[in-house]
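# Observations on the model geometry
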Amino acid sequence: MKIKYIVTLFVLAMTVNAFAQNKGKILLDEVSQKVKSYDNISIDFKYSLENISENIKQETRGDVVMQGEKYKLNILGITRLFDGNKLYSISPEDEEVTISSESEDEEDAITPSKMLSFYEDGYTYEFDIQQNINGRKIQYVKLTPIDSNSELKSILLGIDAQTKHIYNLIQVGKNGSKTTLTVNSFKTNQPISKTLFTFDANKYKDYYINKLD
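Report on the accompanying structure. (Residues numbered from 1 in each chain as written. Predicted model: local features only at pLDDT ≥ 70, side-chain atom pairs only at ≥ 80, totals over all residues. Heavy atoms only, no water.)

## Structural notes on the overall build of the chain
The number of helices and strands found in the chain is one helix and twelve strands. Within the chain, the proportion of its 213 residues that are buried is 37%. By sequence separation, contacts in the chain at least 24 residues apart represent 49% of the contacts at least 6 residues apart. (Helix = DSSP H or I, 4+ residues; strand = E, 2+ residues; numbered from the N terminus. Buried < 20%, exposed > 50% of the residue type's maximum accessible area, 1.4 Å probe, protein only. Contact = heavy atoms within 4.5 Å.)

## Details of the pattern of salt bridges
Oppositely charged side chains are able to pair whenever their charged atoms sit close together. Within this structure, the stated rule accounts for three salt bridges. The shortest N-O distance in the salt bridge between lysine 25 and aspartate 29 comes to 3.0 Å. On the criterion of helical spacing, the pair formed by lysine 25 and aspartate 29 is a turn pair, its members being four residues apart in helix H1 (residues 2-36). You can call aspartate 29 partly exposed: its relative accessible area is 31%. Here arginine 136 makes a salt bridge to aspartate 160, at a shortest N to O gap of 2.8 Å. A residue pair is termed long-range when its members are at least 10 positions apart, and arginine 136 in strand S8 (residues 136-145) and aspartate 160 in strand S9 (residues 152-160) qualify at 24 residues. Among the residues examined, arginine 136 registers a relative accessible area of 33% and is labelled partly exposed. (Salt bridge = Lys/Arg side-chain N within 4 Å of Asp/Glu carboxyl O.)

## As for the environment of phenylalanine 127
Turning to its location among the elements, phenylalanine 127 is positioned in strand S7 (residues 123-133). Between the alpha carbons of phenylalanine 127 and leucine 27 there is a distance of 9.3 Å; along the sequence they are 100 residues apart.

## Topic: unusual backbone geometry
Non-glycine residue asparagine 134 carries a positive phi angle of around 50°. Relative to the assigned elements, asparagine 134 resides in the loop between S7 and S8.

## Section: the side chain of threonine 182
As for its placement among the helices and strands, threonine 182 is situated in strand S11 (residues 178-188). We classify threonine 182 as buried; its relative accessible area is 14%. With near-sequence residues (within four places) excluded, threonine 182 lies in contact with Asp44, Phe45, Lys46, Tyr167 and Asn168.

## Notes on the sheet that holds strand S5 (residues 87-91)
One open sheet accounts for twelve strands, arranged S7-S8-S9-S10-S11-S1-S2-S3-S4-S5-S6-S12; its pairing is mixed. Every interior strand has two partners, whereas the edge strands, S7 and strand S12 (208-211), have only one. Between one strand axis and the next, the sheet turns by 15° as a mean value, whatever way the strands run. The pairing of S5 with strand S6 (residues 96-100) spans five bridges and is antiparallel. Directly across from tyrosine 88, in S6, lies its bridge partner isoleucine 99. (Pairing = 2+ DSSP bridges. Axes fitted to C-alpha atoms, helices over the stretch in contact; angles between N-to-C directions.)

## Structural notes on a negative patch on the surface
Together, Glu93, Asp94, Glu95 and Asp206 line one region of the surface with negative charge. Tracing the sequence through the fold places aspartate 94 in the loop between S5 and S6. Take aspartate 94: its relative accessible area is 52%, and that puts it in the exposed class. (Patch = residues over 30% accessible without salt bridge, like charges linked within 9 Å, V, L, I, M, F, W, Y side chains within 5 Å. Areas by Shrake-Rupley, 256 points an atom, 1.4 Å probe, with all protein chains shown as cover. Lys, Arg positive; Asp, Glu negative; His and termini not counted. Charge placed at Lys NZ, Arg CZ, Asp CG, Glu CD.)

That is the geometry; function is a separate question.
The structure is reproduced here in structure tokens:
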């Protein structure tokens, strides 16, 4: 009788877990479909990095315009421009432009072009808490990397239940670091210049051009 009771509990737990994962996947699929329906997306955001053990706490603001795989990101005084082929990192302070392919040092890095779709592969999903933030219902989905060698411990993705837009992203590393990106404004299908994602070398004649590839 006791064995039967344990088995029943185990099956119930598995069913609840599968239901939570399914609900999380359905919500993320809705977010993905919504994002892909836009011609372009403009986001102003707040970015914070905290690591208590390393006594690190940084906060900054930034903005990004995305169209397909292309993007223009401004953060920490640096402009990162990806034209779909090459990534240009422009630093006015150093008067330097670094040109490379869009390959990141860490596979777990979430670039602007992946920010709204990175969760589509490589994670398990679980419904988490729902919070009321300034009158908005924010539903959190917890993502856990399938790859046990990932440097990430987990990601919490906060989604506006009404608009199906991403409100914030909380990334926790196995090294104790916590990265939070909070969306301040989310605009879609804005009129943008045809040359927004094109690097104009004539504007940087006095800069040092560092080609990595």
